[in-house]
Amino acid sequence: MDLRKKIVQITLEKKKLTHVEARVGIVLDITGSMQTLYKNGTVQEVVERILAVASKFDDNGALDVWVYDTHFSRLPSVTERDFKDYVQNQILNNAAIHKFGRNNEPPVMEDVIRKYTVEEDSGVPVFIIFINDGGVVKPIKKVITAAAVQPIFWQFVGIGHSDFEVLKQLDTMEGRIVDNANFFHLDDIAATSDEMLYDQLLHEFPSWLKAAEDKRIIRR
């Protein structure tokens, strides 16, 4: 974890983000096609890698977590104190979580928005990392367009070999006050170096911060 935090720090310095405070959340696809990645430890590794980002942005170092298929669950936040076996303990061993069904992104996205703009409206920018292996439903476009006035940036990460047709259209969607979403694709996230992952994760966040500040969506 310490090495990953150093790599995140170097990335933040390159992108002039060292002064930024942000809340960080991760939304994890738990549809049927993700089953192997949960069971072979890949998703646990992803949580740990993103936690290193949260530890640098968030004043309490917590990473907020959601999982979804046709239903969604908002889970306990993960920190450096309790990240080991988080996926096994909080997700795979949790009988209350609906697992390995089909895609339905809008409900979990609405819950993310509700948490940060209604329940815990702090004015601090929110950086959401959304891990998905394909099959995203088209109505997410409506949610993202409506959420453009909120202090939330959606960074979608496609993993595996789907075509990601809907996610590829995020950057060119019209009708938003700011471009509040980005997408990149990794064939094999487990084989992607931390340096490359963090560089891509934080590629568009700085330009959104500036645009959101200019439009008074966030105040820094």
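Everything here concerns the structure above.
Summarised in this report is the structure supplied together with it. Residue indices follow the written sequence of each chain, beginning from 1 at its first position. Restriction of local features to residues with pLDDT of at least 70 applies here, the model being predicted, together with a cutoff of 80 or more for giving and counting side-chain atom pairs; totals for whole chains, interfaces and linings are based on all residues. Think of the side-chain values as coming from all heavy atoms in the structure, minus any hydrogens and water.

Points about the packing of aromatic side chains
Next, step 1: Stacked, edge-to-face and tilted are the three classes for Phe, Tyr and Trp ring pairs, Trp counted by its six-membered ring, which pair at centre distances within 6.5 Å; planes under 30 degrees apart are stacked, over 60 edge-to-face, the rest tilted. Scanning the model with the defined rule gives 12 aromatic pairs in all.
Next, step 2: Judged by centre distance (5.9 Å) and plane angle (45°), the rings of F153 and F205 are tilted. Taken together, the residues F153 in strand β5 (residues 152-159) and F205 in helix α9 (residues 205-214) connect sequence positions 52 residues apart. Like F153, the residue F205 is buried in the burial classification.
Next, step 3: A centroid spacing of 5.8 Å and a plane angle of 15° characterise the contact between F205 and W208, whose relative ring orientation is stacked. Taken together, the positions of F205 and W208, both in helix α9 and 3 residues apart, correspond to about one turn of that helix. Here the two residues F205 and W208 agree in accessibility, since each one is buried.
Next, step 4: Each member of the aromatic cluster is reached from another via a ring pair, and the members are F57, F127, F153, F205 and W208. Comment: elements are numbered from the N terminus, with helices defined as DSSP H or I runs of at least four residues and strands as E runs of at least two. Note on classification: 1.4 Å probe, protein chains only; a residue is buried when its accessible area is under 20% of the maximum for its type, exposed when over 50%, partly exposed between these limits.

Focus on the pattern of salt bridges
Side chains bearing opposite charge may pair, as long as their charged atoms lie close to each other.
Next, step 1: Salt bridge criterion: a side-chain nitrogen from Lys or Arg within 4 Å of a carboxyl oxygen from Asp or Glu. Inspection of every chain in the model, using the stated rule, returns 13 salt bridges.
Next, step 2: Two residues, R4 and E45, come together in a salt bridge whose shortest N-O distance is 2.5 Å. Taken together, the residues span a long stretch of sequence, with R4 in helix α1 (residues 2-14) and E45 in helix α3 (residues 42-57) at a distance of 41 residues.
Next, step 3: Accessibility expressed as a relative area gives 15% for R4, which makes it buried.
Next, step 4: The partly exposed category is assigned to E45, whose relative accessible area is 35%.
Next, step 5: Where D199 meets K15, a salt bridge forms, and the shortest distance between an N and an O atom there is 3.2 Å. Placement of the pair is D199 in helix α8 (residues 194-201) and K15 in the loop between α1 and β1 (23-29), with a sequence separation of 184 residues.

Digging into the side chain of D194
Next, step 1: Relative to the helices and strands, D194 resides in helix α8.
Next, step 2: What makes two residues a contact is simply this: any of their non-hydrogen atoms within 4.5 Å. Ignoring anything within four residues of it in the chain, the contact list for D194 reads R4, I7 and R49.

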